[in-house]
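Each chain, written out:
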Amino acid sequence: MTMSERKIIELETGWEFMQKGITKLKNILEGIPEQQFNSEEYIMLYTTIYNMCTQKPPQDYSQQLYDRYRDSFEEYITSMVLPALREKHDEFMLRELVKRWGNHKIMVRWLSRFFNYLDRYFIARRSLPALNEVGLMCFRDLVYQEIKNNVRDAVITLIDREREGEQIDRALLKNVLGIFVEIGMGNMDAYENDFESAMLDDTASYYSRKAASWILEDSCPDYMLKAEECLKREKERVSHYLHSSSEQKLLEKVQNELLSQYESQLLEKEHSGCHALLRDDKVDDLSRMYRLFCRIPKGLEPVAQIFKQHVTGEGTSLVKHAEDAASNKKAEKKDVVGAQEQAFVRKVIELHDKYLQYVNECFMNHSLFHKALKEAFEVFCNKGVAGSTSAELLATFCDNILKKGGSEKLSDEDIEDTLEKVVKLLAYISDKDLFAEFYRKKLARRLLFDKSANDDHERSILTKLKQQCGGQFTSKMEGMVTDLTLARENQTNFEEYLNDNPLAHPGIDLTVTVLTTGFWPSYKSFDLNLPAEMVKCVEVFKEFYQTKTKHRKLTWIYSLGTCNIIGKFDPKPMELIVTTYQIPLPPVDEKKKVIEDVDKDRRYAIDASIVRIMKSRKVLSHQQLVMECVEQLGRMFKPDFKAIKKRIEDLITREYLERDKDNPNMFRYLA
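What counts, and where the lines are drawn
Residues numbered from 1 in each chain as written. Predicted model: local features only at pLDDT ≥ 70, side-chain atom pairs only at ≥ 80, totals over all residues. Heavy atoms only, no water. Helix = DSSP H or I, 4+ residues; strand = E, 2+ residues; numbered from the N terminus. Buried < 20%, exposed > 50% of the residue type's maximum accessible area, 1.4 Å probe, protein only. Contact = heavy atoms within 4.5 Å. Areas by Shrake-Rupley, 256 points an atom, 1.4 Å probe, with all protein chains shown as cover. Lys, Arg positive; Asp, Glu negative; His and termini not counted. Charge placed at Lys NZ, Arg CZ, Asp CG, Glu CD. Salt bridge = Lys/Arg side-chain N within 4 Å of Asp/Glu carboxyl O. Pairing = 2+ DSSP bridges. Phe/Tyr/Trp six-rings, centres within 6.5 Å; stacked < 30°, edge-to-face > 60°. Expected span 1.5 Å × (residues − 1). Core = buried A, V, L, I, M, F, W, Y, C linked by side-chain atoms within 4.5 Å. Axes fitted to C-alpha atoms, helices over the stretch in contact; angles between N-to-C directions. pLDDT = per-residue confidence, 0-100. 1 Å grid on protein atoms, 1.4 Å probe; cavity = no way out; pocket = protein on both sides within 12 Å on 5 of 7 lines; lining within 4 Å. Points joined across faces, edges and corners; volume = space filled by probe spheres on them. Nonpolar A, V, L, I, M, F, W, Y, C, P; charged D, E, K, R; others polar.

Colleague: Which residues make up the overall build of the chain, and what values do they have?
Modeller: The secondary structure content of the chain amounts to 25 helices and 5 strands. Here the C-alpha coordinates of the chain stretch approximately 150 × 70 × 65 Å along the principal axes. Classification of the 671 residues of the chain by burial places 43% in the buried group. Across the chain, the fraction of contacts at a sequence separation of at least 24, relative to all contacts at a separation of at least 6, is 73%. Here the chain displays about 37,000 Å² of accessible surface, and carbon together with sulfur accounts for 51% of that area. Separation between the mean location of the 100 positive side-chain charges and that of the 108 negative ones in the chain comes to 4 Å.

Colleague: Got a sec to walk through the side chain of E437? Specific residues and values, please.
Modeller: For E437, the location among the structural elements is in helix α19 (residues 432-448). Given the relative accessible area of 6%, E437 is considered buried.

Colleague: Any details on the pattern of salt bridges? Residues and values, ideally.
Modeller: Enumeration according to the criterion identifies 63 salt bridges in this entry. One salt bridge in this structure joins R100 and E30, with 2.6 Å as the shortest N-O distance. One end of the pair, R100, is in helix α4 (residues 90-114); the other, E30, is in helix α1 (residues 11-30), with 70 residues separating them in the sequence. For R100, a relative accessible area of 5% translates into the label buried. Each of the salt bridges in this network shares a partner with another, and the network as a whole consists of D160, E162, R163, R170, D202, E234 and R237.

Colleague: Any chance you could break down the pairing of strand β5 (residues 666-669) for me, citing the residues and the numbers?
Modeller: The two faces of β5 differ: F667 and Y669 on one face are buried, but M666 and R668 on the other face are not. Sheet analysis places strand β3 (residues 619-621) next to β5, joined by 3 bridges and oriented antiparallel. Looking across to β5, one finds that L620 is bridged to F667. Bridge analysis of strand β4 (residues 657-659) against β5 gives 3 bridges, and the strand direction is antiparallel. Bridge pairing links L657 to Y669 in β5. Remark: 6 residues form the turn of the hairpin made by β4 and β5, two consecutive strands paired antiparallel.

Colleague: Got a sec to walk through the packing of aromatic side chains? Specific residues and values, please.
Modeller: Scanning all chains against the criterion turns up 33 aromatic pairs. With a centroid separation of 5.0 Å and 85 degrees between ring planes, the pair formed by Y206 and Y207 is classed as edge-to-face. Y207 shares its class with Y206; the two are buried. Consider the rings of Y355 and Y358, whose centres lie 5.2 Å apart with planes at 75 degrees: the pair is edge-to-face.

Colleague: How would you summarise α1 if you had to cite specific residues and measurements?
Modeller: When the terminal C-alpha atoms of α1 are compared, their 28 Å separation across 20 residues agrees well with the 28 Å that a helix rising 1.5 Å per residue should span. The secondary structure elements touched by the buried residues of α1 are α2 (39-53), α3 (62-86) and α4. Where α1 terminates, the next one or two residues include G31, which has phi positive at roughly 85 degrees.

Colleague: Could you give me a rundown of unusual backbone geometry, with the residues and numbers involved?
Modeller: The linkage connecting P57 with the following residue, P58, adopts the cis geometry, with an omega of 5 degrees. Tracing the chain through its elements places P58 in the loop between α2 and α3. Here D281, not a glycine, exhibits a phi torsion of approximately 55 degrees, which is positive. Tracing the sequence through the fold places D281 in the loop between α12 (274-279) and α13 (283-293). Notably, K298 is not glycine yet its phi reads approximately 60 degrees, a positive angle. With respect to the helices and strands, K298 occurs in the loop between α13 and α14 (300-331).

Colleague: I'd like a description of the nonpolar core, backed by residues and values.
Modeller: Within the largest apolar cluster, 91 residues are counted, with the highest numbers of intra-cluster contacts made by L258, F293, F307, F377 and Y439. At 10 residues, helix α15 (residues 337-362) tops the list of elements feeding residues into this core. If we skip the residues at most four places from it in the chain, L258 touches Y207, A211, W214, Y223, A227 and C230. In this structure, L29, V108, F180 and L242 belong to the second largest nonpolar core, which totals 67 residues.

Colleague: How would you summarise the sheet that holds β4 if you had to cite specific residues and measurements?
Modeller: Taken in spatial order, the 3 strands make up an open sheet running β3-β5-β4, and their pairing is antiparallel. Unpaired on one side and paired on the other, β3 and β4 mark the two borders of the sheet. Ignoring strand direction, the axes of neighbouring strands in this sheet form an average angle of 30 degrees. Here helix α24 (residues 622-633) sits on the sheet in contact with β3 and β5, set at roughly 90 degrees to β3. Against the sheet, helix α25 (residues 641-653) engages β4 and β5, with an angle of about 100 degrees to β4.

Colleague: Account for the confidence of the model for the chain, naming residues and giving values.
Modeller: In the predicted model, the chain carries a mean pLDDT of 89, and the fraction of residues at 70 or more is 95%. Across residues 582-588, confidence stays below pLDDT 50; counting only partners more than four residues off in sequence or on other chains, it has 2 contacts.

Colleague: Would you mind going over empty space enclosed by the protein in detail, with residue names and values included?
Modeller: Inspection of the entire model under this criterion finds 2 cavities of 30 Å³ or more. Estimates place the volume of the largest cavity at around 100 Å³. Elements represented by at least two residues in the lining of the largest cavity include exactly α15, α16 (367-381) and α17 (390-402). When the residues that make up the lining of the largest cavity are grouped by side-chain class, the tally is 9 nonpolar, 1 polar and 1 charged. The computed volume of the second largest cavity comes to approximately 50 Å³. In this structure, the second largest cavity is lined by L97, F139, Y144, I147, K148, V151, I179 and F180. Of all the elements in the fold, those that place two or more residues in the lining of the second largest cavity are α6 (131-163) and α7 (170-182).

The structure is reproduced here in structure tokens:
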């Protein structure tokens, strides 16, 4: 049948037929007994719309059918949906809303199928809202706009009841809040503006009331337990019925009210705040404190500050205790300072172990707490004990571990572990160059007098020091260890030389250790009136050494030599071990010598630093030069401002620098 032969369907006739189908659909939705649509009915309804839209004007009723499609929804909503919602309240209203929204979506789905031809051609050509969209807009404009505030308030009331421990129908809330999302038709404006903002304000008020009462009633640990539990429950709330986009905003509200607003009061609670938790080693509570306050901006800074104060206090107390103990021993004239110093360093290591573990475990390795620990240890690690600097104490402690017969009896593994910890402590000491010089003096003794317990440990600590302080720091020490290895080879070669030249043998067993001057501490050398036998020994070794090298001069340090003499006494001979000659130097002189040597090295280091800076910058102010110099040298020692000023004056005298004629605070480099 062609279109011209097809019977024209007038608007009212066709609409009367469509109304029957729409009424049947409404009855099904309202629960009135009706047969479901069969395929024949569906095709008839679809075809009626198709025919009425494809008739020639003025019988093309597309616009009228599009309008009546919308009117069908409006009539149903006005007559059935709104009255049903208006007579219900609170939770009952929410249930009715969920049911009505579900029904409405079914109605939209069926009617948009009946009227589908409009969607395909008429709507597409006119750029009108699609059928599905029109259906949802009707519900939004007539139902949602009227009841959204009541729905929002009912939902928030249920949420607050759940916060107070009541069981609520979470599935109902999930469905209701799904309507807020769906009604936005692709954006979240309705959910955010009509529900979320009010819910967040209510959350803030709720937790503000709770916090105000808990902060007065609870200890810091109890308060934190409650706060952590609240945050956990709010997170669960999101997973059960709130939209996932609310999670961060919701948690921030709770954190602000429970944590940000009361942080200082909470941390400073007299008997249970952060100080008390550190004092009483409450590691679980400290971990919880970290977990909570790492969530809020700058929340960890006050915790790290209290941690720093606590560690500083603990360390300063150790120093005072060691000072008092040293004073008491001095008063009692007991010479046990060495043991006191060892015990002090051991306690500082234990303190560092303890709080480093706190940083790693309670405070999750956070850089703020590493910084706090470093700054705390720098305060008390640079205080001396009983007239000895920390640099000297650490060097002595190492010496006791590394020398034969030292007071520390440890396994190889424990020695390695302890040396590792000493090197970590060295990072906090400003006079690293002083440590290096004391260590070098003690290393020299261990090596020259065969007092070193283990070569591997000696090399191991040098490797650790090199990693911590750089190659320049350990170059002389490494040279000393290498010298001893070469000296042993040299001695073997000397003995082979004597075997090959029996006439050259001096008749006395002679062991010579050849050292490189630049690596070792400086030792005074005196000429001695040696016995003829020993003069011959010296001459023989010189001849041997010249076969090895022509360009090196040997300087004999008799003060470091030993001599084994067999004394023929009655009833039996005795072996005596004496120094080549004895120059007993009391420890205070040696300490003085170390400090003098370090001071001299520092003068050279400051000179070199100033020249390097000025060579690069050409012109610089006094203040800038001093600051850059301090920064350059800070890794090894803390240069004194007066010392820098003195070195600048000296360099001006020596014509490395000059003052600016117009501004005496400016310096110029003289090439």
